[in-house]
Structure formats: structure tokens, C-alpha cells
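# Understanding the architecture of this molecule
What follows is the residue order along each chain.
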Amino acid sequence: MTIARTTRLTALLAAALGAAAPLHAQEPRLEGRLPETARVQVDSVVTVARQAGLPTEPLVDRALEGASKGATGARIVTAVERLAQELRTARDALGTHSTDEEIVAGASALRAGATPADLARLRRARTGRTLTVASAVLADLVSVGVPVDTAVAAVIALAGGAADADYVAFRRNVEQDVALGASPVAALGVRLDAAADRGELGQSAGPASKPPRKP
Amino acid sequence: MSGRALGAALAAAALTSLPGTPLAAQAIGEVDLGASAVEYQGYLASAAGFLNPTIRYNAPSLSLGAQGSYVLFESGSHILQGTAAGAWTTPRRGRWRGELSGSGGVTSYVTSDSGFPAYGYALGRGRVHYRAPRAGGWLGAATGRSFFGDAAATPLEIGIGAWAVRDRVALGATAVGTWIADTAYLDVVGSLRWVHPLFTVTGSAGVRTWSEGGGSGAYGEASLEVPLWRQLAVLLAGGRYPSDPVRGVVSATYVSAGLRLTVFGRPPSVRPELDAYRRRLEFRDERSPGRPRFALGSPEPGGYVLQITVAGARAVEITGDFTDWEPVPLARAGEDTWTVRLPVAPGVHRLNVRIDGGTWTVPQGLRAEDDGYGGLVGILVIG
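Residues numbered from 1 in each chain as written. Chains lettered and ligands numbered in written order. Predicted model: local features only at pLDDT ≥ 70, side-chain atom pairs only at ≥ 80, totals over all residues.

## Focus on the overall build of chain B
Helix and strand counts for chain B come out as two helices and 24 strands. Within chain B, the proportion of its 383 residues that are buried is 33%. Look at the contacts in chain B between residues 6 or more apart in sequence, and 51% of them connect residues 24 or more apart. (Helix = DSSP H or I, 4+ residues; strand = E, 2+ residues; numbered from the N terminus. Buried ≥ 20, exposed ≤ 12 C-beta atoms within 10 Å, placed from the backbone. Contact = placed C-beta atoms within 7 Å.)

## Things to note about the nonpolar core
Ranked by internal contacts, the top residues of the largest apolar core, which has 86 residues, are A:Val42, A:Ala63, A:Ile76, A:Val80, A:Leu138 and A:Val155. When residues in this core are grouped by element, the largest group, 10 residues, is from helix α4 (residues 73-94) of chain A. (Core = buried A, V, L, I, M, F, W, Y, C linked by C-beta atoms within 7 Å.)

## Side note on helix α5 (residues 100-112) of chain A
For an α-helix, 3.6 residues make a turn, and residues three or four places apart therefore share a direction. For α5(A), with 13 residues, the first-to-last C-alpha span of 19 Å sits near the 18 Å given by 1.5 Å per residue. Along α5(A), 11 of the 13 residues are buried, which leaves the element largely enclosed by surrounding structure. Among the residues of α5(A), those classed as buried are A:Glu101, A:Glu102, A:Ile103, A:Val104, A:Ala105, A:Gly106, A:Ala107, A:Ser108, A:Ala109, A:Leu110 and A:Ala112. Contacts made by the buried residues of α5(A) are with α3 (57-68), α4, α6 (116-125) and α7 (132-143) of chain A together with β22 (347-355) and β24 (376-382) of chain B. Directly after α5(A), the chain includes A:Gly113, whose backbone phi takes a positive value near 130°. (Expected span 1.5 Å × (residues − 1).)

## Quick look at the sheet that holds β22(B)
Residues and elements named next belong to chain B. Strand order in the open sheet made by the five strands is β19-β18-β22-β24-β23, with antiparallel pairing throughout. One side of each edge strand has no neighbouring strand; the edge strands of this open sheet are β19 (328-329) and β23 (367-370). As defined by bridge partners, β22 adjoins β24 across five bridges and the pair is classed as antiparallel. Residue pairing for β24: valine 348 is matched across the bridge by valine 381. (Pairing = 2+ DSSP bridges.)

## Examining unusual backbone geometry
Excluding glycine, a negative phi dihedral is what most residues carry, and trans is how most peptide bonds are arranged. Residue and element names in this part refer to chain B. If you check the backbone angles, tryptophan 325 has positive phi at about 60° while not being a glycine. By the element assignment, tryptophan 325 lies in the loop between β18 (316-320) and β19. A count of 23 C-beta atoms within 10 Å places tryptophan 325 in the buried class. The residue aspartate 356 is not glycine, and still its phi comes out positive at about 55°. Secondary-structure assignment places aspartate 356 in the loop between β22 and β23. By the C-beta count within 10 Å, which is 12 here, aspartate 356 ends up exposed.

## Comments concerning the sheet that holds strand β17 (residues 303-309) of chain B
Residues and elements named next belong to chain B. Here we have four strands laid out as an open sheet, ordered β16-β17-β21-β20, and antiparallel in their pairing. If you trace the sheet from one side to the other, it starts and ends with β16 (293-300) and β20 (331-332), each paired once. Of the pairings in the sheet, the one linking β16 to β17 comprises six bridges and is antiparallel in character. Residue pairing in the sheet places glutamate 300 in a bridge with glycine 303 of β17.

## Points about α7(A)
Residue and element names in this part refer to chain A. Taking 1.5 Å per residue, 12 residues should reach 16 Å; α7 reaches 17 Å between its end C-alpha atoms and fits that length. Among the 12 residues of α7, 11 are classified as buried, and the element is accordingly described as predominantly covered. Among all positions of α7, only Thr132, Val133, Ala134, Ser135, Ala136, Val137, Leu138, Ala139, Asp140, Leu141 and Val142 are buried. Two residues or fewer past α7, glycine 145 is found with a positive phi of approximately 110°.

## Considering the environment of A:Ser135
All names here are of chain A. Relative to the assigned elements, serine 135 resides in helix α7. Separated by 27 residues in the primary sequence, serine 135 and serine 108 place their C-alpha atoms 7.6 Å from one another. Contacts of serine 135, omitting those with residues within four sequence positions, involve Glu102, Ala105, Gly106, Ser108, Ala109, Leu119 and Leu122.

## Digging into the environment of B:Arg127
Residues and elements named next belong to chain B. Examined against the element boundaries, arginine 127 turns out to sit in strand β6 (residues 119-131). In sequence terms arginine 127 and alanine 142 are 15 residues apart; their C-alpha atoms lie 8.7 Å from each other. If sequence neighbours within four positions are ignored, arginine 127 has contacts with Glu99, Trp138, Leu139 and Gly140.

## Remarks on the environment of B:Ser103
Relative to the assigned elements, B:Ser103 resides in strand β5 (residues 96-110). Measuring from C-alpha to C-alpha, the distance between B:Ser103 and B:Ala85 comes to 4.1 Å, with 18 residues separating the pair along the chain.

## Structural notes on the packing of α3(A) against α4(A)
All names here are of chain A. Their axes nearest at 9 Å, the elements α3 and α4 cross at an angle of 155°. Considering their axes alone, α3 and α4 lie roughly antiparallel with respect to each other. Crossing handedness for the pair α3 and α4: right-handed. Residues Pro58, Leu59, Arg62, Ala63, Gly66 and Ala67 of α3 pack against Arg75, Ile76, Ala79, Val80, Leu83, Ala84 and Leu87 of α4. (Axes fitted to C-alpha atoms, helices over the stretch in contact; angles between N-to-C directions. Parallel < 35°, antiparallel > 145°, perpendicular 65-115°, else oblique. Left-handed = near helix turned anticlockwise from the far one by under 90°.)

## So, the packing of helix α2 (residues 36-51) of chain A against α4(A)
Residues and elements named next belong to chain A. For the pair α2 and α4, interaxial distance at closest approach is 9 Å and the crossing angle is 5°. Taken together, the axis directions place α2 and α4 in an arrangement best described as roughly parallel. Contacts between α2 and α4 pair Thr37, Ala38, Gln41, Val42, Val45 and Ala49 from the former with Gly73, Ile76, Val77, Val80, Glu81, Ala84 and Leu87 from the latter. Tallied by class, residues from the contact of α2 with α4 come to nine nonpolar, three polar and one charged. (Nonpolar A, V, L, I, M, F, W, Y, C, P; charged D, E, K, R; others polar.)

## Concerning the confidence of the model for chain A
In this model, chain A carries an average pLDDT of 77, and 77% of its residues clear a pLDDT of 70 or more. Taken as a whole, residues 202-215 of chain A scores under 50 in pLDDT and shows 42 contacts with residues more than four places along the chain or in a different chain. (pLDDT = per-residue confidence, 0-100.)

## A word on the pairing of strand β14 (residues 232-241) of chain B
All names here are of chain B. In this structure, strand β13 (residues 217-229) lies alongside β14, joined through nine bridges in antiparallel fashion. Note that in β14 the partner of glycine 220 across the bridge is arginine 240. In sequence, β13 turns back onto β14 through a hairpin of two residues. As paired elements, β14 and strand β15 (residues 252-264) share 10 bridges and run antiparallel to each other. Residue pairing for β15: alanine 233 is matched across the bridge by arginine 260.

Now the structure itself:
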């Protein structure tokens, strides 16, 4: 399906579902910031997302970001639609009770290469605790060159015992090690070793998430 | 098995003496326990049980190791062996570093009805190492004395080696020429070590050639180590190794299975090296003009203090979802430090920084992500 067709379909769906709500001027933050045509289309996407129970602030933010960076209206609409789809996929994977922050972080992880199944595994491994930082760290690890499956295994390994601050420190240490010349996988292994020494690995780690040892 | 035990002790000492790998001082104690089926050259195949306690001490420039080995054969005969090795590495000069090491051992083969001369050796070794970030090589020689009963000989080993490491795989190759009494030969060996999250596989394959009295042919070994718990691992190994007249090892073919119990200590980590290198990198970064670095302060009433450090800037601005993507100027807080307090909620945020009205960039300290608009955006996570 082309972007244009997607846009038209989204707008029609919005019109059908949101008959009681006007399509225009839904988001005052967009007033005067976007070309009028783009603003209407973004409003439509936001309306559909709101009715689907998805967080809408990130969609507006994404549109404002495009506007501040001088993007064309069409490009802004495309970016917002893509984000809406990512949010929907993340919400479906993480569950309907997920917070907006978790969904946004999950979308970021999906964009980094994680699969919906990965997010679902992470949710199961970190039951009762927020996934916002864990999902974001997953995306961060992939961005520094850690293979997606390895990053997923590491984040899940930490899921049972690590606090958010532990995740942040873990991510920072791996990034620094990589910046210093360590291979991403080796850096991950070293830092998981250290996490294991501190007892931060949870019961969900299991044998599959044992850190790699140094060659 | 006794030869393997000796090899393991020496390999441990050699590993910890790799130049450029300063390790925190640490003592490690391990015990290998298991059973094997072994066929020494000139003997019938036999089952055997083995117990190998090992202790190693690693410091930044010094490593010491000692290992005992007790091998009990089904006939009731047994081998007692003790080995020790130590290595000292010189301070680094660029990518070069020297190594001086020594090793020695005594092996006693005790049969049920007769004595057997003990074998021993004492060797000193010198090596010069070259180490690049992910590869290196060495050139070295060793000599000393080898004893078999009342007989003694002066061996000489001259070798060259190279290694490379990439992610989970390490490859190595060595060529070592040996001369002892009227025996001489060349061993060319390739090795591989693959560290998988579930297991570690080590393998080697070699060929002995240009031999006079040392035998010839191909040989190879493989081992599998599967961690069961932090202190316990399963060891599986098998293959064929050649004779080593310098250290009193008879060639054999074997398979073995056992457990490795780490009694105390933990395997060495490269963390100290990384920490030291990081400090140097940060020192360099702090003096790199024009490269903004982002830092997030502690939460305060009214939000977080966002800090940008950049040398020589006249104006610093930040924009992000927490500013509705409107530029917000930072105030100078020091010679190269700029700050602003903004209401940033927990979650994932996107931001860019601009220096002196230039292009919007992603400062150091944040992950850069494709912004969907042809540029990059920094990702800030607040838990």
C-alpha cells in the first residue's frame, strides 16, 4: 500500500470513527506550525490514534519536529503515520495496560530492529515493572552495533533483577566500551559479567543469557 | 591427560601474560574433576579418572600459576604431576611489549609393580609482543633443562605466533621449532576459540613436520565448556595431541568429560583496562573543541538541568519535544559549560543542539537516531 493510499485510508477511517469530533483544530499545538493541508492530515492521524487508545503526544511532537526542521508537509505526514503504526505495533506487543511511555519506548525499540515478539518477551520477563528504560536501552544497544538478538537477550537477562538506574548504567558502560574500541558483543559480555557479579541478573536470565567470556 | 593438564597450566599463564591486557590483581582457584578414555602411544587404551587443582594469580604485569594433576588408570597405575609457571611483562612501548616467563614441572608415573623415572623440566622464555586493537603477534624463544631420570638435555624452542579477535571468535596461529638432544621438529598449529552465550568451544589443528625423532603427522583437539552456574561448568574434550619431549608428554588420543569448579575468584575481566582507556578518551574529548557533550543533571524543582559542554561557543540552543521543538537558549555556567533547567518528564525524549546558530546536531552522550526528516536526533531516556 502506498503512502498516499495509507493517508487517504487513515483519513477516511478517522472520519468514520470520529464523526462526533471535528477533524480540524484538534491539536492546538499544531496551529500555525504546519502547512494547513499537512495539519489536517496529522490531525486525522492523531484522532484515529486517540480513539485507538494510543498515545498522541508523540505524534504531535513528531510533526512539530518536522516543522522545526523545515520538512515538507508530505514528509511530516509520512513520519507521523509511520510513528502511529509503530506505536500501535508496540502497544499490541506490550499489552493494552502499558503506559504511554512504555509504548513510545517500545516503538523506538521496534525501529531499532526488535520484533514485537521481543517486546512481548521483555514484558513477560519484567512483569510488574516499567519497560520504558529497558526498551530504550535495547534500542541503544542496537544502535552501537550489538546484534539485535544479543541485545534482546541481554536486556531480558537484566529484566528480573535490574532497576532502571542499572539499565542506564549498563547502557552507558557498553557504549563507552565500544567507543574505546571494544567490539559491541565483547563489551556487552564484560558488562553482563559485571552485572552478574552485582547480582543484577534476574531469574529469567537462565543459561541462554550467560555472558560471553573474553577470548 | 597429564600432558593436557600441563598444557592448561601453561596456557593459563601465557594467556594472562598477553601484553596490553593489564588485569586487576586476582587469585583464582579451580578444580577439574572427571573421567577419560585415553590411548597413549605404545600403550593399550585405558579408562582413567583425573583430578586437577589449579591456582592462578593475575596482576597487571605479573601472573603466576600452579597446577597439580592426579590421573588414576583402570590398572591402578597413576600419574602425579606438579607444574608451575610465571610471567612478567615489561612496560609497553607503543604497541610493543616484552615478556619474560618461566615454567617448571615434575611428572611421576607410578605403576603397581615397578617404579618409573620421574620427568622434569625448567624453562625460561622471552617474547616480544606486538598488539593492535584486535590482532597481534609475538616472536620468542625458550630454553632450560629437561630431565628424565638421571639424563638431562638442554632444549631450545623458537617460535612465532599471530592472533586476531573479532566479536566472539579468536583465531591464532603459531609455528614453533624445537631442538632437544638428537630430536628436532617443527609444529605449525592453528587455533580457534568461539565464545557463545551458551558455551565456549576451543579447537586446534596442527601438523608436525621437518621432524627428526619427534614423529610427524597431523593432530587436533576440541573442547566444549558449558557453564552450568557461575562457579560450575561442564567440560568435554577430545582429540589427539603430539608428544612433547621437552616437557615429558607422550602423544595420545583421548576423550574426556568432567566438571570445573571455581573454588574462589572469578575469571579476569578486561574492565580495568577499559576503565583506564575510557579515562584517556574522556580526557581527550574534554579537549576537543567544537564537539558538544550532553549531560543530564539530577531532578530539581522545575525539572532537570540540561548541560552542554563545548569549547569556544558563543551561543548554545537546545530544542526537543519538551520545548515543543522551539529553540531554547542555554545560559553560560562556566568557561565551556552551558545549562538550562527545563520541565522534562520521565520517558523517552528527542532533542537536538545548535552551536552559534549552526546546524542542529546530536551531542555526545546521546544515542543518535534517524529523525525521519533527513537528519539525526538525539534520544534522551529518563527513567
